[in-house]
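One letter stands for each residue in the lines below.
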Amino acid sequence: MLRSCYLFDEQGNDLTLAEGKGPSALRHALGVVLVVPRSLCLYLRLDARGIPLLRLRSYARLQLLARSPVVHPDVFVARQGDALHLWLWDRAFVQSFAGRQGLPASRIEVLPSSVLTKPPSPDGAVLLRTPGSAGVHAQLWQAGNLLHDGWFEETPDALEWRIWRDDIERQEGIQWPETLPLARSSNALGRRWGRNLLRERALGATLPGAPVARMALGCATLATLGYGVALQAQLYLYQARIEEVQRAQTEVSARLRPIEAARQAALEAQRWVTQADRLVQQPPATTLLERIGSTVTGQGAVVRDLDIQGDIMRATLAPAAGELSLPDLTAALTQVGEFDDVRFLDAAPGKGFRFAWRLRDRDGSARVAPRTGSDRS
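Residue numbers restart at each chain and count upward from 1, following the sequence in its written direction. A pLDDT threshold of at least 70 governs which residues receive local features in this predicted model, and a stricter bar of 80 or more applies before side-chain atom pairs are shown or counted, although totals over entire chains, interfaces and linings include all residues. For side-chain calculations, the full set of non-hydrogen atoms in the structure is used, while hydrogens and water are omitted.

Undergrad: Help me understand helix H4 (residues 158-172) in this model?
TA: What sets the pattern is the α-helix's 3.6 residues per turn: residues three or four places apart point alike. Secondary structure elements are taken from DSSP: a helix is a run of H or I of four residues or more, a strand is a run of E of two residues or more, and numbering for both begins at the N terminus. Between the first and last residue of a helix there are one fewer steps than residues, each counted as 1.5 Å, and that sum is the expected span. With 15 residues, H4 ought to run about 21 Å at 1.5 Å a step, and its terminal C-alpha atoms sit 21 Å apart, in line with that. Inspection of H4 places Trp-161, Trp-164, Arg-165 and Ile-168 among the buried residues, and these make up the whole buried set. What you see down the axis of H4 is that its buried residues fit within an arc of 105 degrees, all on one side. Residues of H4 that are exposed and point more than 90 degrees away from the buried face comprise Arg-170 and Gln-171. Looking at the packing, one finds that the buried side of H4 touches strand S8 (125-129) and strand S10 (145-152). Buried means the residue's accessible area, taken with a 1.4 Å probe over protein chains only, is under 20% of the maximum for its type, while exposed means over 50%, and partly exposed covers the values in between. This arc corresponds to the set of directions leading from the helix axis out to the C-beta atoms. Throughout, a contact is declared for two residues whenever any of their heavy atoms are within 4.5 Å.

Undergrad: Can you walk me through the pairing of strand S5 (residues 73-80) in this structure?
TA: When a strand is regular, its side chains alternate between the sheet's two faces. Among the eight residues that make up S5, seven are buried, leaving the element largely enclosed by the rest of the structure. Connecting S5 to the antiparallel partner strand S6 (residues 83-90) that follows it, the hairpin turn spans two residues, and Gly-81 within it adopts a positive phi of roughly 65 degrees. Here, strands pair whenever DSSP counts at least two bridges between them.

Undergrad: So what exactly am I meant to see when it comes to unusual backbone geometry here?
TA: Despite not being glycine, Ala-143 has its phi angle at roughly 55 degrees, a positive value. Note that Ala-143 resides in the loop between strand S9 (136-142) and S10. We classify Ala-143 as exposed; its relative accessible area is 67%. Phi is positive for Asp-341, close to 60 degrees, though the residue is something other than glycine. Tracing the backbone through its elements, the reader meets Asp-341 in strand S14 (residues 339-348). Asp-341 gets classed as partly exposed once you look at its relative accessible area, which sits at 34%.

Undergrad: Teacher, can you tell me more about the nonpolar core here?
TA: General note: in soluble globular proteins, nonpolar side chains tend to be found buried as a group. Definition used in this section: a nonpolar core is a set of buried Ala, Val, Leu, Ile, Met, Phe, Trp, Tyr and Cys residues joined via side-chain atoms within 4.5 Å. Residues Phe-76, Trp-87, Trp-89, Phe-97, Ile-108, Val-115 and Trp-193 are the most contacted members of the largest nonpolar core, which totals 29 residues. Elements supplying a minimum of two residues to this core: strand S1 (5-7), strand S3 (32-36), S5, S6, helix H3 (91-101) and strand S7 (108-112). Here this core gets five residues from one element, more than from any other, and that element is S3. Counting 17 residues, the second-largest nonpolar core is a separate cluster that includes Leu-333, Val-342, Phe-355 and Trp-357.

Undergrad: Quick question: what am I supposed to make of the pattern of salt bridges here?
TA: Pairs can form between side chains of opposite charge whenever their charged atoms are close. Whenever a carboxyl oxygen of Asp or Glu lies within 4 Å of a side-chain nitrogen of Lys or Arg, that contact is scored as a salt bridge. Going through the model one piece at a time under the given rule, you end up with 15 salt bridges. The residue Arg-358 makes a salt bridge to Asp-340 at a minimum N-O spacing of 2.7 Å. Taken together, the residues Arg-358 in strand S15 (residues 352-359) and Asp-340 in strand S14 connect sequence positions 18 residues apart. The exposure class assigned to Arg-358 is partly exposed, which follows from its relative accessible area of 26%. Three or more residues are tied together by salt bridges with common partners; here these are Arg-3, Glu-109 and Arg-192.

Undergrad: Explain helix H7 (residues 326-334) to me, please; I cannot follow it from the model alone.
TA: Three or more residues of H7 are buried, namely Leu-329, Ala-332 and Leu-333. Here the buried residues of H7 occupy an arc of 95 degrees about the axis, which is enough to place them on one side.

Undergrad: Just to check I follow, could you spell out the sheet that holds S14 for this structure?
TA: The antiparallel open sheet is built from four strands, whose spatial order is S12-S13-S15-S14. The two strands at the open ends of the sheet, each matched to only one other strand, are strand S12 (301-309) and S14. Neighbour-to-neighbour, the strand axes of this sheet turn through a mean angle of 20 degrees, independent of strand direction. Relative to S15, strand S13 (residues 312-319) runs antiparallel, the two sharing six bridges. Within S15, the residue paired with Ile-312 across the bridge is Arg-358. Angles shown run from 0 to 180 degrees and are taken between the N-to-C directions of axes, each axis being a line fitted to C-alpha atoms and, for helices, limited to the stretch in contact.

Undergrad: What am I meant to see in the environment of Ser-58 here?
TA: Within the secondary structure, Ser-58 sits in helix H2 (residues 56-67). Ser-58 gets classed as partly exposed once you look at its relative accessible area, which sits at 41%. With 140 residues separating them along the chain, Ser-58 and Leu-198 place their C-alpha atoms 9.1 Å apart.

This is the structure:
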């Protein structure tokens, strides 16, 4: 037992349950354990079925805020199967005890006496008279898990037991035995059977244990301190390496900065040339109409109507005299350099034909390209 353990008393007459053994410096560093009697605790039972493991703490805190009648509570939350057991007490208890001991509250681990009871064997209901309390402590166990925790100011009779049992079954759905268990005395508290889900300090055993366990705890503490020093040294070494790499990276960046500036200038010049190229004026619509007229006239046709929508042109060609040759007319339109995807659509009244084609641009898009001297001949 490395830490001293005390049972809290409101009048200041705290009961010593166990004396800490070991060097005074170690005991001073570890602090003490304070046990709050069940008579000074409020008990809540929460159903945790369907709550993810990582959300149990948040769930317990929310329920504590919603249901706690204590303004400034300390709480111990123990999980048993699908249930969460909460014991609440006034935080002023710890402050008054800390003042009597001359210790800061941060070095005092507080436990309810309910987590230091010994489970009955076999499982079932048990009534205990614990040290420091005149009442009776009731607990119901099943398969090694605590199902419910109760407190009576004095030993109940059969009628009080039945009324209390019916209330618990109606409120919590927990069925206590119909027969009142026999109350028995418990002069010593057992080992802690649950850990605090909200605040587990894990500084050592709270009650007497095997010497081997105490020695193992001391060795583990020293080993942890040594390992922490080694990790700190490695941290300094890695930090120095990181700073060295960062300095080298800064030097390389300084050397590459002129190259990057030249690259950005080249890209900017390329974008300027592309934008300037897009400003070249396209041939006027009259030039396009002359090109169409010279092509269809050579085939003895005339343009009856012409529709231009973006890069798509549709025209109806009719014979000036006689009849038109569809293959020759299609071939003539296909040979025009500005036309692409020439298609015959259907026949038109008056022995005409309807055609559609796209206009080409220099880069292959559907736009009109400037006419060359050979096109005008």
